[in-house]
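# Chain and residue survey
For reference, the chains in residue letters:
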Amino acid sequence: MQVPLLDLKAQYATIKDEMAPALQSVMDSQYFINGPEVKELEKAVAEYSDCAAAVGVASGTDALLASLMTLGVGAGDEVITTPYTFFATAGSIWRTGAKPVFVDIEPDTFNIDPAKIEAAVTEKTRAIMPVHLFGQVAEMDPIMEIAAKHNLYVIEDAAQSIGSTYRGRKAGAIGTVGCFSFFPSKNLGGLGDGGMIVTQDAELADRLMQCRNHGSKPKYYHKWVGGNFRLDTLQAAGLIVKLRHLDDWSAARRANAAKYDELFADFEPVTTPVIRDYNVTIYNQYVIRVPKRDELRAFLKEQGVGCEVYYPLSLHEQECFAELGYKRGDFPESEQAAAETLALPVYPELTDEQIQFVAGKVREFLA
Ligand SMILES: *Cc1c(COP(=O)(O)O)cnc(C)c1O
């Protein structure tokens, strides 16, 4: 049996008939930039996320970068974030000229530890950028409290968590802005790169729209410098189709995760994901903690099971950030997670047989 980590063809087969006319209609209009589908998707995502406004951008990375630029974060500023995340989180902070300041994670949820944030706040801190890793929303109430106390922006890196909730509130709807990615492997994946920023602040949304278009308003007049961060109309058209299915897909992922949880329940070597009882996650990844992670990974690949390590090296140890002055040992929880975690296939179209096969292979190796 072969079980890939993700099977986008299986998903495409279920929506092929809806997708074709949506894309054809953009082709017929030849309206590739800022076409009506972009507005339509923005409206749909704003509604879906319980936000006042949404701004389509070219990627999740651009969502983070444009948010920072629009909020005026730059040289001399500091932004607090987690070292255990995809590179774009800290990369986008760095690109504005600001300094990423890392704070270690909670070992069970892998999200930034709110109890450790306040010690990292300085006079230069302008924002906190929590990441809702693997789908689960970070501990937003204490984060928002600290932000209010020190007058900081909160930029939610919600690239992995569209549709997840924290105490009943949607991912992206709690901070100053929320940033989504439509990279094809994300739960709401486009036909290439895409992203979106959501916010409750309509005036901020207006400035974000200027930012994605070189800071121009009106056309060809620039009070400040933005970039070309626009979302293609074709992407928007495809995403409108997929958004209609997102809740069903997320429910299927949760059901698959529950099956793994049960299959590993009596098996001590595997630590299954910890989801707080007030959180609902979309399981962008199903990540277990195991001993002999690298050996298990090689074994699973040999046995036809797709799996991946998110992420093998914490950001504070990345070569490009050497001048930040961090060293091994600074963030022990993040470092340990990087050594022990492994993502298993959890995509919605998985069959029971495939889930049993994957869990069986993990148990076979670790028994
Ligand atoms: C995917 C991802 C991003 C970047 O999104 P892109 O659309 O690939 O640019 C940022 N942060 C996190 C946590 C991600 O998983």
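Residues numbered from 1 in each chain as written. Predicted model: local features only at pLDDT ≥ 70, side-chain atom pairs only at ≥ 80, totals over all residues. Heavy atoms only, no water.

## What to know about the overall build of the chain
Short version of the rule: Runs of E in the DSSP output that reach at least two residues are strands. Runs of H or I that reach at least four are helices, and both are numbered from the N terminus. Throughout, the radius of gyration refers to the C-alpha atoms, and the reference size of a globule is 2.2 Å times the residue count to the power 0.38. Buried, partly exposed and exposed residues are distinguished by accessible area as a fraction of the type maximum, computed with a 1.4 Å probe on protein chains only: under 20%, between the cut-offs, and over 50%, respectively. The criterion used for residue contact is that any of the two residues' heavy atoms lie within 4.5 Å. Surface accessibility in these figures is a Shrake-Rupley result with a 1.4 Å probe; residues are shielded only by whichever protein chains are displayed. This count recognises Lys and Arg as positive and Asp and Glu as negative, with His and chain-terminal groups excluded. Taken as the charge centre is NZ of Lys, CZ of Arg, CG of Asp or CD of Glu, depending on the residue.
Regarding its fold elements, the chain presents eleven helices and twelve strands. Taken over the C-alpha trace, the chain has a radius of gyration of 20 Å; the compact-globule value for 367 residues is 21 Å, and the two agree within 12%. The burial tally for the chain puts 56% of its 367 residues in the buried class. Look at the contacts in the chain between residues 6 or more apart in sequence, and 71% of them connect residues 24 or more apart. Looking at the chain as shown, the accessible area adds up to about 15400 Å², and 53% of this sits on carbon and sulfur atoms. On the chain, the mean spot of the 35 positive side-chain charges and the mean spot of the 50 negative ones are 4 Å from each other.

## With respect to the packing of helix α9 (residues 293-302) against helix α11 (residues 352-366)
Each pair of packed helices gets described by two things: the angle between the helix axes and the distance between those axes. To be explicit about the condition: Think of each axis as a best-fit line through the C-alpha atoms, taken over the contacting stretch in the case of a helix, with angles from 0 to 180 degrees between the N-to-C directions. Orientation categories follow fixed angle ranges, with anything under 35 degrees roughly parallel, anything over 145 roughly antiparallel, 65 to 115 roughly perpendicular, and all other angles oblique. Left-handed describes a crossing in which the near helix is turned anticlockwise from the far one by less than a right angle; the clockwise case is right-handed.
Close contact between α9 and α11 brings their axes to 10 Å; oriented N to C, the two are set at 130°. Accordingly, the angle class assigned to the pair α9 and α11 is oblique. Note on packing geometry: the crossing formed by α9 with α11 is right-handed. Contacts between α9 and α11 involve Glu 295, Leu 296, Phe 299 and Leu 300 from the former and Lys 361, Val 362, Glu 364, Phe 365 and Leu 366 from the latter.

## What about the domain arrangement of the chain?
Put simply, the rule is: Throughout, the edges of the domains are those of an automatic or database domain assignment. Accessible area, probed at 1.4 Å, shrinks when two parts are joined; the buried area is that loss added up over both. Any carboxyl oxygen of Asp or Glu within 4 Å of a side-chain nitrogen of Lys or Arg constitutes a salt bridge here.
For the chain, the assigned domains read domain 1 (8-103 + 110-243) and domain 2 (246-366). Computed over C-alpha atoms, the centres of domain 1 and domain 2 are 24 Å apart. Taken together, the 40 residues of domain 1 in the interface contact 35 residues of domain 2. Carbon and sulfur atoms make up 60% of the surface buried where domain 1 meets domain 2, a total of about 3300 Å² over both sides. If you sort the residues of domain 1 by the area they bury against domain 2, Tyr 84, Phe 134 and Asn 187 come out on top, with a joint share of 21%. Counting the contacts that link domain 1 with domain 2 gives one salt bridge.

## A short note on unusual backbone geometry
In this chain, Lys 217 is followed by Pro 218 through a cis amide linkage whose omega measures -15°. Here Pro 218 shows up in the loop between α6 (202-211) and α7 (233-243). At the junction of Tyr 310 and Tyr 311, the peptide bond is cis and its omega measures out at 5° in the coordinates. Following the sequence through the fold, Tyr 311 ends up in the loop between α9 and α10 (332-340). Residues other than glycine seldom take positive phi values, yet Asn 151 does so here, at roughly 60°. Residue position: Asn 151 is located in the loop between α5 (140-150) and β5 (153-157). You can call Asn 151 exposed: its relative accessible area is 70%. Here Lys 292, not a glycine, exhibits a phi torsion of approximately 50°, which is positive. Along the chain, Lys 292 turns up in the loop between β11 (286-289) and α9.

## Digging into empty space enclosed by the protein
So the rule is basically this: Points on a 1 Å grid over protein atoms alone make up a cavity when a 1.4 Å probe fits among them but cannot get out, and a pocket when they form an open set with protein on both sides within 12 Å along at least five of seven lines; lining residues each have an atom within 4 Å of a point. Grid points are joined across faces, edges and corners, and a volume is the space filled by probe spheres set on the points. Ten residue types, Ala, Val, Leu, Ile, Met, Phe, Trp, Tyr, Cys and Pro, are classed as nonpolar, four, Asp, Glu, Lys and Arg, as charged, and the remainder, Gly among them, as polar.
Under the criterion given, the structure shown has two cavities of 30 Å³ or more. For the largest cavity, the calculated volume is near 100 Å³. Taken together, 14 residues make up the lining of the largest cavity; nearest its centre are Phe 110, Leu 133, Phe 134, Pro 273 and Ile 275. By residue class, the composition of the lining of the largest cavity is nine nonpolar, four polar and one charged. Both of domain 1 (8-103 + 110-243) and domain 2 (246-366) provide at least three residues apiece to the lining of the largest cavity. For the second largest cavity, the calculated volume is near 80 Å³. Elements with a minimum of two residues in the lining of the second largest cavity: α1 (8-29) and α8 (246-264). Along the lines of polarity and charge, the residues of the lining of the second largest cavity split into six nonpolar, three polar and four charged. Both domains that furnish three or more residues to the lining of the second largest cavity are identified here as domain 1 (8-103 + 110-243) and domain 2 (246-366).

## Considering the packing of aromatic side chains
For the record, the criterion: Here the aromatic set is Phe, Tyr and Trp, taking the six-membered ring for Trp, and pairing holds for ring centres within 6.5 Å; pairs whose planes are under 30 degrees apart are stacked, those over 60 apart are edge-to-face, and all others are tilted. Consider the ring centre and the ring normal. A charge sits over the ring if Lys NZ or Arg CZ is within 6 Å of that centre and within 35 degrees of that normal.
Following the criterion strictly, the structure yields 17 aromatic pairs and no others. Pairing Phe 102 with Tyr 326 gives two aromatic rings, centres 5.3 Å apart and planes at 50°, and the pair type is tilted. Of this pair, Phe 102 sits in strand β3 (residues 99-102) while Tyr 326 sits in the loop between α9 and α10, placing them 224 residues apart in sequence. The exposure class assigned to Phe 102 is buried, which follows from its relative accessible area of 4%. Each member of the aromatic cluster is reached from another via a ring pair, and the members are Tyr 84, Phe 86, Phe 110, Phe 134, Tyr 310 and Tyr 311. The residue whose ring lies beneath Arg 167 is Tyr 278, and the NZ or CZ to ring-centre distance is 3.7 Å.

## Some details on the sheet that holds β5
Here is the rule we go by: Here the rule is simple: two strands pair whenever DSSP picks up at least two bridges between them.
On the basis of which strands lie adjacent, the open sheet formed by seven strands has the order β1-β9-β8-β5-β4-β2-β3 and mixed pairing. Looking along the sheet, the strands with just one partner apiece sit at the ends: β1 (53-57) and β3. Between one strand axis and the next, the sheet turns by 25° as a mean value, whatever way the strands run. Strand direction decides the pairing type here: β5 and strand β8 (residues 177-181), joined by three bridges, are parallel.

## So, the packing of α8 against α11
At their nearest, the axes of α8 and α11 sit 10 Å apart, and the two run at 35° to each other. Considering only the axes of α8 and α11, their crossing is right-handed. The residues of α11 that touch α8, namely those facing Asn 256, Lys 259, Tyr 260, Leu 263 and Phe 264, are Asp 352, Ile 355, Gln 356, Val 358, Ala 359, Val 362 and Arg 363.

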